Amino acid sequence: MTKEYKTINEIKGPLLFVEKTEPIGFNELVEIRTETGELKRGQVLDTSNEVVVVQVFEGTGGLGKESTVKFTGDVIKMPLSPDIIGRVLSGSGQPRDGGPPIVPDVSKDISGAAINPAAREKPRAFIQTGISTIDGTNTLVRGQKLPIFSGAGLPHNDVALQIARQAKALGEAESFAVVFCAMGITNEEAQHFMADFERTGALERAVVFLNLADDPAVERLLTPQLGLTTAEYLAFDLDMHVLVIYTDMTNYCEAMRQMGAAREEVPGRRGYPGYMYTTLAIQYERAGIITGKKGSITQFPILTMPGDDITHPIPDLSGYITEGQLIVSRELHRKGIYPPIDIRPSLSRLMNSGIGAGHTREDHRAVSDQLYAYYAEGCDLRGLVAIVGKEALSERDRLVLEFADAFERKFVNQGRDEDRSIFDTLDIGWNLLSALPETMLTRIDDHLIKKYHPRYRKKE
Amino acid sequence: MEVGTGKVHRVAGPVVQATGLKSHMYDLVLVGEEGLMSEIIGIAGDKHVIQVYEDTAGVKPGEPVKETGAPLVAQLGPGILTSIYDGIQRPLPKLVEASGNFISRGLFVDGIDHKKKWEFTPVVKKGDKVEPGQTLGTVQEQLLIKHKIMMPPGKRGTVKEIHSGNFTVEDTICVLEDGTELPMIQYWPVRRARPSRAKQAPTIPLRTGQRVIDGFFSLAKGGTAAIPGGFGTGKTVMQQTLSKWSDVDIVVYVGCGERGNEMADLLHEFPELVDPRTNRPLMERSIVYANTSNMPVAAREASIYTGITTAEYYRDMGFDVMMTADSTSRWAEAMRELSSRLEEMPGEEGYPAYLGARLADFYERSGRVTTLEGTEGSISIVGAVSPPGGDFTEPVTQNTLRITKVFWALDSKLTQRRHFPSINWLDSYSLYDLTLEPWFVENVSPDWNKNKRRAMEILQENAELEEIVMLVGSDALPEDQQLTLEVARMIINFWLAQSAFHPVDTFCPYKKQFDLLKAILSFRDHAFEALARGIPTDVILKTPSKDALAKVRLLEDYEPELNKVLAQMESEFKTMS
């Protein structure tokens, strides 16, 4: 039996304070009806014998002391069925494409229980994205969460779309789905994504959640939970490999801060709530593979670093949870290089388990390390050149400098629709390295040099 | 104390208030119809403040709160080794059996198996007087680990009965004259340190097989080390390498707020690892705590204490234990999160004012000790801190550095250059340097510290020269300085860099470390001698033996090759003109 109450005592920002209720459960789903009959939904944030605090997802506009509050006695659940594929939903899970409501096969609690670490399978299946800076030097594996750290005005969305288009496992045809969660992005950006999904037919295998910039900020707190619950259903109930892209985590965190301030919580760093780390972790950690299940969840969160500052709490905390990061560089973008991924601060923590013999090719690790080393050194040398000029460099340093330039032009740079195989990527790497004397290839074992170095391969 | 029941008054996230309880601070209580494991963390008027180790969704005011009358305890006894626990010592594989792939709520699982029978062999007999910590008998817990069943701390008496044979951990194995019945299992409150007789000075090094650590910044047995590193500095790989290769008997790994996939990697990889000294699975002498970042924050806070308590238990048997805490920053963040939920007055950067005290309490539980029984055991702690944005001035790092004696400064610049282990040789330090010197002189070579200092000087000079090079380029330097740059490069690339993924290079014994460094220094001496003879630097640097030296470290049986390279070097320099 659920009772309705008209005992709203206080409304403050997105929060309702309801008095004189029966005992109400923490996190319970709440339905609020305005006097004009409009229905809004909310969630219990704090419950006690005296007062219940409800956060309203659709905003408190139109609510007054006469509004009725109904506690459903249940936590928020996502209705799910195979028909959800191909649908466009709002940030709070309502149809946005004019289609009918989802008739659920199952309804799942969206809060996301933690996967038991002992039930996790170690991610090790290589995913080929067709982008050299990812496949070659920051390899993605299935079940990984690899965010794109970007800045305002950089083409991170194009990179994400290209990954969504091209991502595949080597030599396997498997059922594959994309869950796309947009949080607080502009209408224009949303259209860009939707147009690309339609152009490539990706929408047929995608579930889209759209919370746009002018939708209520609180609703954003729900969007990734709904998206990931959907992803878990597709992956672990329907055996699909799911790629979850969500953009923009910065907006999500802003919404969290907004809520924290409304609740008058003690703020943590830069005003973000102290539990932001745990809340982010609960989302990000829903990536993975479960032993004995066929499906997997791979996550690509996109976040724009305010002021390109990687030490800002959002990228900082994200970086501690995710398995690496891809950094989109303003400098490379200005040079006209696409995708402008700077491999130096980028990292894929799961790379080692997905590369090498049996996954990609035996020389992958060595080639990648060697490319990294000389590119990093070459970039350092640019600073020196700016002061003393190229002429003052030693012969070795000049080679390294030239290597770094060529690396950006040939390895990093590629077309928006160019889908390079991992073997192409490694061969481009070898071609670049072959401009250096063999004695400089200190990170590559001799037998690999003999087998893959272009000089020896031509003889074959 | 009588065990009663109270009622939930308020629920806000993991913090619950309840009325009608008599429990003391840090007592364990079970909240709600589902009996969620929780701990009393404050008492205000008639209300108890409780932190819940599990998700509180759906818990209502008015639901019961059951008291247990005891604080959070660890279950100590045979069967701990090889276990994989969450932060409150629930075996994760048992949780899979109980609730499937996702962890559900209100599950209680024993930390050790209470049904399994162990063969107990007594070492005391009827009429013996037994003191606290004294061994009553032993159980062969693993093939190579003999588990001592000890008198609980604080208990003494005269043995009236002692049994021998197969028992569960709950069966009585010993009865004292005063009627006390002793089972094998002990319960110990995790927030209280287990007692020992005396602490010993840190005079024995902990061998790790990592050149940059053993050779430059060594840790003593019973010592404490901090690994700070922003994300992406190779901290986790470093810690796992340490767990694999350190010469300790028992490894306790606490994954506190870390990544699920990383834990999965560890949980898959650990059982496959073979102990290089015994050829037995490394897991047989390991205990893993895995409380990932998305598991309840209160259990994350508890995991460090649970971990150190089991470490102390094995130390009390006379074992050398290494505890790795990855990461204490996540632990501190759990404290911060809970503190802010309690609406406590925040200290620096929102951390509670007691942060420093808690960190100190934890690290002080390390040490090489004389146990209650008079044997020797040790706990070395390696704590990772993850300073936000690599900023070492933040409170967790600063408080940690005040306590720990060794600092392995992981450097993201080195990671970017793919230099591993990415320990910065200029910023790191070890305060055990002098206390350990006598051991190295006696056991490896009298020149150990001398060579180390020479190498450090070269690296220091290198750093200064590099600044000049940044301004004017290396060609502008005098020849001897160019040579120093090259020697430093050799030390960095041939000696400090070590691949954790290369089967041989991943572990380097003391002797090999010493020989390799000596060879590089000997190249330096030859080179400077040649320079003095008037041979130009670029001729010296083209010496083939120099490049040959680079690959010696990759050989298991390195000595013949090293001698060959050294002989080649000798002759090359002799004929050089």
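What you are looking at is a predicted structure, and each value in this text was computed from that prediction instead of being measured. (Residues numbered from 1 in each chain as written. Chains lettered and ligands numbered in written order. Predicted model: local features only at pLDDT ≥ 70, side-chain atom pairs only at ≥ 80, totals over all residues. Heavy atoms only, no water.)

**Observations concerning the overall build of chain B**
Piece 1. When its secondary structure is counted, chain B shows 16 helices and 26 strands.
Piece 2. Taken over the C-alpha trace, chain B has a radius of gyration of 27 Å; the compact-globule value for 577 residues is 25 Å, and the two agree within 12%.
Piece 3. By principal-axis analysis of the C-alpha atoms, chain B measures approximately 90 × 55 × 40 Å.
Piece 4. For chain B, with 577 residues in total, the buried portion stands at 60%.
Piece 5. Considering only contacts within chain B whose residues lie at least 6 apart along the sequence, 70% involve residues at least 24 apart.
Piece 6. On chain B, roughly 21200 Å² of surface is accessible, and the fraction owed to carbon and sulfur atoms is 52%.
Piece 7. Separation of charge centres in chain B, based on 63 positive and 78 negative side chains, amounts to 2 Å. (Helix = DSSP H or I, 4+ residues; strand = E, 2+ residues; numbered from the N terminus. Rg over C-alpha atoms; globule rule 2.2 N^0.38 Å. Buried < 20%, exposed > 50% of the residue type's maximum accessible area, 1.4 Å probe, protein only. Contact = heavy atoms within 4.5 Å. Areas by Shrake-Rupley, 256 points an atom, 1.4 Å probe, with all protein chains shown as cover. Lys, Arg positive; Asp, Glu negative; His and termini not counted. Charge placed at Lys NZ, Arg CZ, Asp CG, Glu CD.)

**Description of the environment of G137(B)**
Residue and element names in this part refer to chain B.
Piece 1. Inspection of the secondary structure assignment puts G137 in strand β11 (residues 135-142).
Piece 2. Assessed through its relative accessible area of 0%, G137 is described here as buried.
Piece 3. Put simply, G137 and Q568 are 431 residues apart on the chain and 59 Å apart in space, counted from C-alpha to C-alpha.
Piece 4. Those residues within four positions of G137 in sequence are excluded, and the remaining contacts are F120, T121, P122, V123, H147, K148 and I149.

**Digging into the interface of chain B and chain A**
Piece 1. The interface of chain B with chain A comprises 73 residues on the first partner and 80 residues on the second.
Piece 2. Buried area between chain B and chain A, both sides added, is near 6200 Å², and the carbon and sulfur share of it is 54%.
Piece 3. The interface formed by chain B and chain A holds 4 salt bridges in total.
Piece 4. D46(A) is the salt-bridge partner of R10(B), the closest N and O atoms lying 2.5 Å from each other.
Piece 5. Summed over the shared surface of chain B and chain A, the number is 25 residue pairs in polar contact (both at pLDDT 80 or more). (Buried area = accessible area lost by both parts, 1.4 Å probe. Salt bridge = Lys/Arg side-chain N within 4 Å of Asp/Glu carboxyl O. Polar contact = N/O pair within 3.5 Å; in protein donor to acceptor, adjacent residues only side chain to side chain.)

**So, the nonpolar core**
Buried together is how nonpolar side chains tend to be arranged in soluble globular proteins.
Residues and elements named next belong to chain B.
Piece 1. Judged by nonpolar contacts, the single largest core of 79 residues is most densely connected at W408, L496, I540 and L549.
Piece 2. It is helix α13 (residues 510-532) that provides the largest number of residues to this core, a total of 12 residues.
Piece 3. The contacts of L496, once residues within four sequence positions are left out, are V212, F216, H419, F420, P421, W425, L459 and I491.
Piece 4. Within the second largest apolar cluster, 68 residues are counted, among which are V254, Y305, Y313 and L338. (Core = buried A, V, L, I, M, F, W, Y, C linked by side-chain atoms within 4.5 Å.)

**Notes on the pairing of strand β22 (residues 341-348) of chain A**
Remember that side chains alternate between the two faces of the sheet whenever the strand is regular.
All names here are of chain A.
Piece 1. Burial of β22 is extensive: 7 of the 8 residues sit out of reach of the surface.
Piece 2. Pairing of strand β21 (residues 324-328) with β22 involves 4 bridges; the strand directions are antiparallel. What sits directly across from V328, in β22, is I341. (Pairing = 2+ DSSP bridges.)

**Notes on the packing of helix α11 (residues 395-412) of chain A against helix α12 (residues 422-433) of chain A**
Residue and element names in this part refer to chain A.
Piece 1. Here α11 crosses α12 at 155°, and the two axes come no closer than 10 Å. The pairing of α11 with α12 is recorded here as roughly antiparallel in orientation. When you trace α11 past α12, the crossing you get is right-handed. Residues F403, A406, F407, K410 and F411 of α11 form the contact with α12, whose own contacting residues are T425, I428, G429, L432 and L433. (Axes fitted to C-alpha atoms, helices over the stretch in contact; angles between N-to-C directions. Parallel < 35°, antiparallel > 145°, perpendicular 65-115°, else oblique. Left-handed = near helix turned anticlockwise from the far one by under 90°.)

**Observations concerning the packing of aromatic side chains**
How two aromatic rings sit relative to each other is given by the distance of their centres and the angle of their planes.
Piece 1. For the structure shown, the criterion picks out 28 aromatic pairs over all chains.
Piece 2. When the centroid spacing of 5.3 Å and the interplanar angle of 35° are considered together, the rings of Y85(B) and Y289(B) count as tilted. Of this pair, Y85(B) sits in strand β8 (residues 84-85) while Y289(B) is found in strand β21 (residues 286-291), placing the two residues 204 residues apart along the sequence.
Piece 3. For Y289(B), a relative accessible area of 1% translates into the label buried.
Piece 4. Three or more aromatic residues joined by ring pairs make a cluster, and in this case those are Y374(A), Y375(A), F403(A), F407(A) and F411(A).
Piece 5. The ring of W118(B) has K116(B) sitting right over it, with the charged end atom 4.3 Å from the ring centre. (Phe/Tyr/Trp six-rings, centres within 6.5 Å; stacked < 30°, edge-to-face > 60°. Lys NZ or Arg CZ within 6 Å of the ring centre and 35° of its normal.)

**Considerations on the side chain of H9(B)**
Piece 1. In this fold, H9(B) is placed in strand β1 (residues 5-12).
Piece 2. Residue class for H9(B) comes out buried when judged on its relative accessible area of 8%.

**What to know about unusual backbone geometry**
Piece 1. The step from Y338(A) to P339(A) runs through a cis peptide bond, and the omega angle for that step is -10°.
Piece 2. If you trace the backbone, P339(A) turns up in the loop between α8 (330-334) and β22.
Piece 3. Residues D326(B) and S327(B) are joined by a peptide bond in cis, for which omega reads 10°.
Piece 4. Phi at D239(A) is positive, roughly 60°, even though this residue is not glycine.
Piece 5. Take D239(A): it is sitting in the loop between α4 (223-237) and β18 (241-247).
Piece 6. At T82(B), a position not held by glycine, the phi torsion is positive, near 75°.
Piece 7. Residue placement: T82(B) occurs in the loop between β7 (73-76) and β8.

**Re the pattern of salt bridges**
Residue and element names in this part refer to chain A.
Piece 1. Applying the stated criterion across every chain, the model contains 71 salt bridges over all chains.
Piece 2. Note that E265 and R263 form a salt bridge whose closest N and O atoms lie 3.3 Å from each other.
Piece 3. Taking the relative accessible area as the measure of exposure, E265 reaches 22% and is therefore partly exposed.
Piece 4. Across the pair R365 and D369 runs a salt bridge, and its minimum N-O distance is 2.7 Å. Here R365 and its partner D369 are both found in helix α10 (residues 364-388), 4 residues apart, which amounts to about one turn of the helix.
Piece 5. By relative accessible area, R365 is classed as partly exposed at 23%.
Piece 6. Each of R120, K145, E285 and E323 takes part in one network of salt bridges that share partners.

**Re the sheet that holds strand β15 (residues 168-169) of chain A**
Residues and elements named next belong to chain A.
Piece 1. Spatial ordering of the open sheet is given by β13-β12-β15, a layout of 3 strands whose pairing is antiparallel. A strand with exactly one partner marks an edge of an open sheet, and here the two such strands are β13 (140-141) and β15.
Piece 2. Pairing between strand β12 (residues 126-128) and β13: 2 bridges, direction antiparallel. Paired with I127 across the bridge in β13 is L140.

**What about the confidence of the model for chain B?**
Piece 1. Summing up the model confidence of chain B, the mean pLDDT is 90 and the portion of residues at 70 or higher is 98%.
Piece 2. Quick note on the complex model: pTM equals 0.86, ipTM equals 0.84. (pLDDT = per-residue confidence, 0-100.)

**Digging into the state of the cysteines**
Piece 1. Per the counting criterion, the structure on display carries 0 disulfides over all chains.
Piece 2. No disulfide involves C181(A); its sulfur sits 14 Å from the nearest other cysteine sulfur, which is in C253(A). (Disulfide = S-S within 2.5 Å.)

**Quick word on the environment of R263(A)**
Residues and elements named next belong to chain A.
Piece 1. Structurally, R263 can be placed in the loop between α5 (249-262) and α6 (276-284).
Piece 2. A relative accessible area of 25% means that R263 is categorised as partly exposed.
Piece 3. Spatially, the C-alpha atoms of R263 and S348 are 37 Å apart, while their sequence positions differ by 85 residues.
Piece 4. With residues up to four places along the chain from it excluded, the contact list for R263 reads L15, L45 and Y275.

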